Structure formats: C-alpha cells, structure tokens
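Commentary on secondary and tertiary structure
Here are the chains, one letter per residue:
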Amino acid sequence: MNSYLGIDVGAGSIKASLVHPDGTVLKNASRLTGAETDSGNFLESLENIVSEMRAPSLTAIGIGSPGPIDSERGLLLQSANLPLLKEVALVDHLRNKFPYPVYYNNDANVAALGEYRFGRGKNSSNLLILTLGTGLGGGWIYQGKLFNGYRGSGMEVGHVTYDPRGPVCGCGQRGCAEAYFSASGFLNRYSEKTGTALLSAEEFFRRAERGEGAASSLLDEGIEALAQLCRGLIHTLNPERMIFTGGLIRSWELFGDGLKQRIQELIFPVFRTYTQILPGENVSGTLGAAALCMEHHE
Ligand SMILES: [Zn+2]
C-alpha cells in the first residue's frame, strides 16, 4: 500500500497528513509558525514533521504554500504571514534529507487538486477553481491535468483588472478583482469608506447580512467584479465545472445565489446550459497537497 504526505504551509502553522490514495487520513501532525520564524527554524520544523510522519508505505511528499513561489526551483519566494522567509529552498532541503520525491505548488493549485480528487470536482476533468480567501486565487485542471503556466505562475486570476481606475490592490496596481472580492479587499474598502477597521471578513459579512448600507453596497460591487471575472474565465477556458472554495464560502448563503445568477446573465447562452457553478467542500490543504503527489504517482 502507498501513502502520501501532504504538507500545508498556512498562516500560523505547518500542517501535515499522511494520506491513503483513496483520501483516508492515516495520521496528522502540525507545528506552529509565527512572525519570528526565520528560514532556519522553518526548515527545521518541516524536517521534524516529515521525520514524525515517516511510514514504510510513504512514497512521496507534496507541499502547498501561499505564493509567490517558484515551483520549478522549489523555492518559497516570500510569505505575507512569515515575513522573515525569503527564497527558501524547501524542496531541495527535504530531498537532501529524505529518500522521497517532493512536489511543491501554490495553495490555489493545491486547493484545485484537492477538490478534483476528493471534493466537488470529482469526475470532472475540466475544472476551474476560484479560492476566495485573504486573496483571490485560481486553479485550472484541464483534461485531468493541472495547468501551471510556463514557469508555474499561471492562473493569478485575482489580478485580472475589473476597473483600471479602481482601488489599489495588494499587488500595487489598481482595480484588480482581488481588491473587490477577497477578505483583504472587503476589509480595506470598508475601512476606506467608513473609517471603521473591521477585524474579520465574518464581521463584514454579518454587517452586509443585516443590511448595513456600506457593507451591502461593497458586497454588491464585489459580486459584480467577481461575476465579470468569471465571465472572462468561462469564455476563455470553457470549464465543465466551476467551484468556489476558501474561507469566504462560509458565507456562500449570503452571496452564492446572486453571484450565480449574475454569471448566468453574463455568459453566452450556450455556456448556461451546461456550466456547473457551485461551492466546494473546502477540502483541507493537506489533502490537496497529497493530491499533488497523485499527479505524479498513478
Ligand atoms: Zn492585484
């Protein structure tokens, strides 16, 4: 029997699961990280977690982390949550220490693979995923294979322009879709509009649900920007299924129907008949990272 070790480098911790090819989680482990984590102790934590999770059945290691990364060279280039990390060669480090192949990709691609293997994307080999979290990311699985772009940096769909005169995005440009529909986008725009800093996207959505003017209008504008982005993606890629995942889909009831309806209005009638638009199961990052191994070991 084979098993895969899926590692998810997230905000605040490194999580790992030993996973059977059918998706059964055999064992979990985690290590805390924080603002003081430097490259040295980050690599040490990774190494410890692999040592702890080693098993005779283990055949490969998969890792997902927020970008920007260089998947070709196996580098975590930088991380908003771990500011001391810079160009960390995590893949080479683990390959030198352990006798396993190591695969690495960004968290949106890993989320796409997780939904494809174990979530709502099962049995759909042309699957488009949008991750609605702190930022807005994308993953595209075409004919059962993950699309990476020339050097692993494709599908940065959050930085497609909605309005070139719009609000400044985290990337430095103006009016990206991410500036309108993401946790960071909602919080930034809400504080600009009202002068009140909210602590979480949940609070933003609660205010929108209560019908508070500022939050409601920002959510409506966010839905419009996201629907326009989806319009472009559906016309360009012609997916069979389009799945939304990430932390913000906990509020799917509040915006999901409106979003679907607006996308339907915007796309060619021929696409309306068969493009499935639905929320994902938020398959864990460690399962997604294990699915990354399965790309190479089947
Ligand atoms: Zn941007």
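Going by an unreviewed UniProt entry, the protein chain carries the name Glucose kinase and comes from Leptospira ellisii. One UniProt comment on the protein chain, placed under Sequence similarities (unreviewed entry), says "Belongs to the ROK (NagC/XylR) family."

**As for the domain arrangement of the protein chain**
For interface size, the figure often reported is the accessible area lost on association. As assigned here, the protein chain comprises domain 1 (3-106) and domain 2 (120-279). Taking only C-alpha atoms into account, the centre of domain 1 sits 27 Å from that of domain 2. In this complex, domain 1 contributes 4 residues to the contact, which on the side of domain 2 involves 5 residues. Taking both partners together, domain 1 and domain 2 bury about 410 Å²; carbon and sulfur atoms supply 21% of that area. Along the contact surface separating domain 1 from domain 2 lie 0 salt bridges.

**Description of unusual backbone geometry**
If you check the backbone angles, Gln 143 has positive phi at about 50° while not being a glycine. Within the secondary structure, Gln 143 is located in the loop between strand E10 (136-142) and strand E11 (145-146). Within the chain, Met 155 stands out as a residue other than glycine whose phi angle is a positive 65°. Its location among the elements puts Met 155 in the loop between E11 and helix H4 (177-180).

**As for the packing of aromatic side chains**
Under the defined criterion, the tally for this structure stands at 13 aromatic pairs. Centre to centre, the rings of Phe 186 and Phe 205 are 5.7 Å apart; their planes meet at 70°, and the pair counts as edge-to-face. With Phe 186 in helix H5 (residues 183-194) and Phe 205 in helix H6 (residues 201-209), the pair connects residues that are 19 residues apart, well separated along the chain. When sorted by exposure, Phe 186 lands in the same class as Phe 205, which is buried. Ring plane angle 70° and centroid distance 5.5 Å describe the contact between Trp 252 and Phe 255, whose orientation is recorded as edge-to-face. With Trp 252 and Phe 255 both in helix H8 (residues 252-266), this residue pair falls 3 residues apart, about one helical turn. On the basis of relative accessibility, which here comes to 13%, the residue Trp 252 falls in the buried class. Residue Phe 255 is classed as buried on the basis of its relative accessible area of 0%.

Analysis parameters
- Residues numbered from 1 in each chain as written.
- Predicted model: local features only at pLDDT ≥ 70, side-chain atom pairs only at ≥ 80, totals over all residues.
- Heavy atoms only, no water.
- UniProt positions renumbered as here; feature names shortened; annotations may be inferred.
- Domains from an automatic or database assignment.
- Contact = heavy atoms within 4.5 Å.
- Buried area = accessible area lost by both parts, 1.4 Å probe.
- Salt bridge = Lys/Arg side-chain N within 4 Å of Asp/Glu carboxyl O.
- Helix = DSSP H or I, 4+ residues; strand = E, 2+ residues; numbered from the N terminus.
- Phe/Tyr/Trp six-rings, centres within 6.5 Å; stacked < 30°, edge-to-face > 60°.
- Buried < 20%, exposed > 50% of the residue type's maximum accessible area, 1.4 Å probe, protein only.

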